[in-house]
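Coordinates in review
Residue-level listing of the chains:
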Amino acid sequence: MAGGGAPAKAVEPQPHPPKEQLPNISYCITSPPPWPEAILLGFQHYLVMLGTTVIIPSSLVPQMGGGNEEKAKVIQTLLFVAGLNTLLQSLFGSRLPAVIGGSYTFVPTTISIILAGRFSDTSDPVERFKRIMRAIQGSLIVASTLQIVLGFSGLWRNVTRFLSPLSVVPLVSLVGFGLYEFGFPGVAKCVEIGLPQLILVVFVSQYMPHVIKSGKHVFDRFAVIFTVVIVWIYAHLLTVGGAYNGKAQKTQISCRTDRAGLIDAAPWIRVPYPFQWGAPSFDAGEAFAMMMTSFVALVESTGAFIAVSRYASATPMPPSILSRGVGWQGVAILVSGLFGTVNGSSVSVENAGLLALTRVGSRRVVQISAGFMIFFSILGKFGAVFASIPAPIIAALYCLFFAYVGAGGLSFLQFCNLNSFRTKFILGFSVFMGLSVPQYFNEYTAINGYGPVHTGARWFNDIVNVPLSSEAFVAGCLAYFLDNTLHRKDSAIRKDRGKHWWDKFRSFKGDSRSEEFYSLPFNLNKYFPSV
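Criteria and cut-off values
Residues numbered from 1 in each chain as written. Predicted model: local features only at pLDDT ≥ 70, side-chain atom pairs only at ≥ 80, totals over all residues. Heavy atoms only, no water. Helix = DSSP H or I, 4+ residues; strand = E, 2+ residues; numbered from the N terminus. Rg over C-alpha atoms; globule rule 2.2 N^0.38 Å. Buried < 20%, exposed > 50% of the residue type's maximum accessible area, 1.4 Å probe, protein only. Areas by Shrake-Rupley, 256 points an atom, 1.4 Å probe, with all protein chains shown as cover. Patch = residues over 30% accessible without salt bridge, like charges linked within 9 Å, V, L, I, M, F, W, Y side chains within 5 Å. Salt bridge = Lys/Arg side-chain N within 4 Å of Asp/Glu carboxyl O. 1 Å grid on protein atoms, 1.4 Å probe; cavity = no way out; pocket = protein on both sides within 12 Å on 5 of 7 lines; lining within 4 Å. Points joined across faces, edges and corners; volume = space filled by probe spheres on them. Contact = heavy atoms within 4.5 Å. Disulfide = S-S within 2.5 Å. Axes fitted to C-alpha atoms, helices over the stretch in contact; angles between N-to-C directions. Parallel < 35°, antiparallel > 145°, perpendicular 65-115°, else oblique. Left-handed = near helix turned anticlockwise from the far one by under 90°. Nonpolar A, V, L, I, M, F, W, Y, C, P; charged D, E, K, R; others polar. Core = buried A, V, L, I, M, F, W, Y, C linked by side-chain atoms within 4.5 Å. Phe/Tyr/Trp six-rings, centres within 6.5 Å; stacked < 30°, edge-to-face > 60°. Lys NZ or Arg CZ within 6 Å of the ring centre and 35° of its normal. Expected span 1.5 Å × (residues − 1).

Regarding the overall build of the chain
A tally of regular secondary structure across the chain gives 23 helices and two strands. By the compact-globule yardstick of 24 Å for 531 residues, the chain fits well, its C-alpha radius of gyration being 24 Å. Projected onto its principal axes, the C-alpha coordinates of the chain cover approximately 100 × 55 × 50 Å. Burial statistics for the chain: of 531 residues in total, 55% are counted as buried. Per element, the accessible surface of the chain, about 22200 Å² overall, is 66% carbon and sulfur.

Description of a nonpolar patch on the surface
Together, Phe184, Val191, Leu195 and Ile199 make up an exposed nonpolar region whose accessible area comes to about 340 Å². Element by element, the count of residues in the nonpolar patch is highest for helix α8 (residues 191-211), at three residues.

Section: empty space enclosed by the protein
All told, the structure shown has five cavities of 30 Å³ or more when counted by the stated rule. Estimates place the volume of the second largest cavity at around 80 Å³. Surrounding the second largest cavity, Ala72, Ile75, Gln76, Leu79, Leu262, Ala266, Phe376, Ser377, Gly380, Gly383, Ala384 and Ala387 form its lining. Going through the elements one at a time, α2 (68-92), α15 (363-378) and α16 (380-387) are the ones with two or more residues in the lining of the second largest cavity.

Quick word on the environment of Ala38
Structurally, the position occupied by Ala38 is in helix α1 (residues 35-64). Relative accessible area serves as the criterion here: at 0%, Ala38 is assigned to the buried category. The spacing of Ala38 and Val365 is 327 residues in sequence and 5.3 Å in space, taken between C-alpha atoms. Residue contacts for Ala38: discarding those within four places in its chain leaves Pro33, Val365 and Ile368.

Some details on the state of the cysteines
Formally, a disulfide is one covalent bond, and it connects the sulfur atom of one cysteine to the sulfur atom of another. Applying the stated criterion across every chain, the model contains one disulfide. For Cys190, the disulfide goes to Cys255, at an S-S distance of 2.1 Å. Here Cys190 and Cys255 share a disulfide; its torsion about the S-S bond, 125°, makes the bridge right-handed. Of the two residues, Cys190 is situated in the loop between α7 (184-187) and α8 and Cys255 in helix α10 (residues 249-255); the sequence distance between them amounts to 65 residues.

Topic: the packing of α8 against helix α9 (residues 223-240)
In the contact formed by α8 and α9, the axes pass within 9 Å of each other and the chain directions differ by 155°. By the criterion of interaxial angle, the relationship of α8 to α9 is roughly antiparallel. In this structure, α8 crosses over α9, and the sense of that crossing is right-handed. Taking contact as the criterion, the partners of Glu192, Ile193, Pro196, Gln197, Leu200, Val201, Val204 and Ser205 in α8 are, on α9, Ala223, Phe226, Thr227, Val228, Ile230, Val231, Tyr234, Ala235 and Leu238. The residue inventory of the contact of α8 with α9, partitioned by class, reads 13 nonpolar, three polar and one charged.

Here's the deal with unusual backbone geometry
A positive phi angle is found at Ser313, which is not glycine, with a value near 55°. Within the element layout of this structure, Ser313 appears in the loop between α12 (284-311) and α13 (319-339). Unusually for a residue other than glycine, Val342 sits at a positive phi of about 65°. One can find Val342 in the loop between α13 and β2 (345-347).

A few points about the environment of Val204
Take Val204: it is sitting in helix α8. Using a relative accessible area of 10% as the deciding quantity, one classes Val204 as buried. For the pair Val204 and Ser112, spaced 92 residues apart in sequence, the C-alpha to C-alpha distance is 42 Å. Beyond its immediate stretch of four places on either side in the chain, Val204 contacts Pro209, Phe219, Asp220, Ala223, Phe226 and Thr227.

With respect to the nonpolar core
By size, the foremost hydrophobic cluster in this structure holds 124 residues, and its most contacted members are Tyr46, Met64, Ile193, Val224, Phe401 and Phe412. For this core, the element with the most residues is α1, which contributes twelve residues.

Things to note about the packing of aromatic side chains
Scanning the entire structure with this criterion turns up 28 aromatic pairs. Look at Phe129 and Trp277: their rings are 5.2 Å apart centre to centre, the planes differ by 90°, and that puts the pair in the edge-to-face class. Here Trp277 lies in the loop between α11 (262-265) and α12 and Phe129 lies in helix α4 (residues 125-152), a separation of 148 residues in the sequence. Each of the two residues, Phe129 as well as Trp277, counts as buried. Within the aromatic cluster, the residues linked to one another by ring pairs are Phe43, Tyr46, Phe372, Phe375, Phe376 and Phe386. Arg310 extends its terminal NZ or CZ atom over the ring of Phe412, reaching a point 5.5 Å from the ring centre.

Here we look at the side chain of Asn461
Among the structural elements, Asn461 can be located in helix α19 (residues 458-465). A relative accessible area of 8% means that Asn461 is categorised as buried. The residues contacting Asn461, other than those within four sequence positions of it, are Val453, His454, Thr455 and Val466.

With respect to the side chain of Thr122
Following the sequence through the fold, Thr122 ends up in the loop between α3 (107-114) and α4. Ignoring any residue separated from it by four or fewer positions in sequence, one finds Thr122 in contact with Glu127, Arg128 and Arg131.

Description of the pattern of salt bridges
All chains considered together, the criterion is met by eight salt bridges. The closest approach of N and O atoms between Glu127 and Arg134, which form a salt bridge, is 3.7 Å. Linking Asp483 and Arg422 is a salt bridge whose minimum nitrogen-to-oxygen distance equals 3.3 Å. Here Asp483 is found in helix α20 (residues 471-485), whereas its partner Arg422 is found in helix α18 (residues 421-448), with 61 residues between them in sequence.

A closer look at helix α6 (residues 165-177)
Here α6 is 13 residues long and its end C-alpha atoms lie 18 Å apart, about the 18 Å a rise of 1.5 Å per residue gives. Within α6, twelve of the 13 residues are buried, which leaves the element mostly enclosed by the surrounding structure. For α6, the set of buried residues is Pro165, Leu166, Ser167, Val168, Val169, Pro170, Leu171, Val172, Ser173, Leu174, Val175 and Gly176. Packed against the buried residues of α6 are α12, α14 (349-358), α17 (391-410), α18, α20 and α22 (499-502).

In structure tokens:
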């Protein structure tokens, strides 16, 4: 062959390079969008966090003896406290765009307090409601000290120093995937409303931007507002058209847009205040049970904080900043106990997923959403309108948001050696047990009405049953233990688990980007150095 030379070698396919920060985020923590867009995005965060804010009191207050008036006041209080705590966290805590709201983790322990026999001697339901509320307040106030001490003392910093990408994967993944029971099962409670919402939000956010290429991120960024309004109108037309007349009570509660009872019961203007239900009461056993619940929420929130930092395109959180965020989350639980919200506070997983959907991780947007929370909590009638969104619509949104958070945990696998059998064992065993153990506890409770640990001491039952019913807690703790005890001293293993990459960000002062993202405002660092 003329000019013969060796044939060119085929180009070997290259793996995708790891990215310490997500490259396709439109606005990161310190780069806010224009004000009109930021206000709409903040309102969208407000709509998303309303789900948990309404569902939890709507479930618990009737069991406590309260009516629609008490339910409306508790929702207002929870909303007000959420706005206040979100501002404190974004200004002085982790400085991440994390919404701090109500948490499902606290619900089992709260129900245990509601069922305590000492409240059965009260015949007046409203008085019974207030007595139970004061008992819940007391337990939350005591439980808040756990996170406050662990966070501000720096003890949690010493724990998180030993985290690696390998141990983070099960924790963050099951913070999202572990909430699957609040996804499609909630949609199926009124499938003619929930399923259209699910299909529509997927179509608008994922397909429409590619069908209509306007150059502006309108559909993917504001998909929640578009779809919620459309399906809400559709649900209201079904309600006024008589589609649910004569249906079972359970169906009417899930499907109708006029059964929440919040608009009529909510006052026009009301400012929540501490001890509005009276002086808190304290019970040692309930306080210990709530402290264990607070620790479970602490572990889950650690995973949620990591997911938020990832979707805000920030550098990985230095342990000192994570510890500071936990301390302020303890303050959030204390504020919840002082005001009487019937629930503790933690990082909102659904709002973390919304960061991924919109690709906007701006701190300003979340602070604007906190302003909406406080504003609509004071103007009760106006806030009650938005709080009356049917639960299946919110559950459909959860399907996207929880999936995004779970996938955010899986993304840390890019820093691990997936060809290592040690990695496969830790990852597979911790995820499997994180799903299997809580499934056993939840099935046992559903069949028998109480958990596998069933002694005469309710507080002891909760101390064991609550943590082992949390997918993220079981998987995260198991992965953390195995990763830090199983053949850890081998230098090659350190790289297999991604620790060489993770340790680049252990020192807060050693990275200028971490300084930019996480430093306190107004030169407060010199007065409150990172713990």
